[in-house]
Amino acid sequence: MEILNQFAPFILIFAVMYFFMIRPQIKKQKQEKKFASELKKGDKVVTKSGMHGKVLDLNDDNTCVIETMAGKIKFDRSAISMEMSIRLNAPEKKK
């Protein structure tokens, strides 16, 4: 029983780290993966570097072609920002 009392703080610290750091990160990764797999032609997107455009083509090798004001650019699907793209496509609030 004494050994358990010695390791209790370490177990508690690990549990707190899991629920406040590791678990939310895993959840976010799953959401981003789902978002990238549900992309379709015509979606307006923003890349993580800030490039705005519209999806023209989705390739099997996890890439997509995005049309911007400068032309067509090929990106990895993982380079598309989920948060910014969702904000871009959200309906505008009426005042």
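What counts as what
- Residues numbered from 1 in each chain as written.
- Predicted model: local features only at pLDDT ≥ 70, side-chain atom pairs only at ≥ 80, totals over all residues.
- Heavy atoms only, no water.
- Helix = DSSP H or I, 4+ residues; strand = E, 2+ residues; numbered from the N terminus.
- Rg over C-alpha atoms; globule rule 2.2 N^0.38 Å.
- UniProt positions renumbered as here; feature names shortened; annotations may be inferred.
- Pairing = 2+ DSSP bridges.
- Axes fitted to C-alpha atoms, helices over the stretch in contact; angles between N-to-C directions.
- Contact = heavy atoms within 4.5 Å.
- Core = buried A, V, L, I, M, F, W, Y, C linked by side-chain atoms within 4.5 Å.
- Buried < 20%, exposed > 50% of the residue type's maximum accessible area, 1.4 Å probe, protein only.
- Phe/Tyr/Trp six-rings, centres within 6.5 Å; stacked < 30°, edge-to-face > 60°.

Turning to the overall build of the chain, a few remarks are in order. Across its full length, the chain holds 2 helices and 4 strands. Put simply, the chain runs from its N terminus to its C terminus through helices and strands in the order α-β-β-β-β-α. Its C-alpha radius of gyration of 20 Å places the chain more than 25% over the 12 Å reference for a compact globule of 95 residues. With the C-alpha coordinates aligned to their principal axes, the bounding extent of the chain is approximately 70 × 45 × 20 Å.

On to unusual backbone geometry. Here the phi dihedral of Asn-62 falls at roughly 65°; this positive angle occurs in a residue that is not glycine. Residue position: Asn-62 is located in the loop between β2 (52–58) and β3 (63–68).

Here, the residues flagged by UniProt with the feature "transmembrane region" (unreviewed entry) are residues 6–24. With 100% helix and 0% strand, residues 6–24 has its two end C-alpha atoms placed 28 Å apart.

Right, let's get into the sheet that holds strand β4 (residues 71–76). A sheet is described by the order of its strands in space; here 4 strands give the open sequence β1-β2-β3-β4, paired in antiparallel fashion. The open sheet has two edge strands, β1 (44–46) and β4, and neither has a second partner. Neighbour-to-neighbour, the strand axes of the sheet open up by a mean angle of 45°, direction not taken into account. Helix α2 (residues 82–89) rests against β1 and β2 of the sheet, and its axis sits at about 140° to β1.

Within the largest apolar cluster, 9 residues are counted, these being Phe-35, Leu-39, Val-45, Val-55, Cys-64, Ile-66, Phe-75, Ile-80 and Met-82. In contact with Cys-64, not counting residues within four places along its chain, are Asp-57, Leu-58, Ile-73, Lys-74, Phe-75, Arg-77 and Ile-80.

The sheet contact formed by β3 and β4 spans 6 bridges and is antiparallel. By the bridge assignment, Cys-64 is partnered in β4 with Phe-75.

This brings us to the packing of aromatic side chains. Per the counting criterion, the structure on display carries 1 aromatic pair. With centroids separated by 5.2 Å and ring planes inclined at 80°, the aromatic side chains of Tyr-18 and Phe-19 adopt a geometry described as edge-to-face. We classify Tyr-18 as partly exposed; its relative accessible area is 33%.

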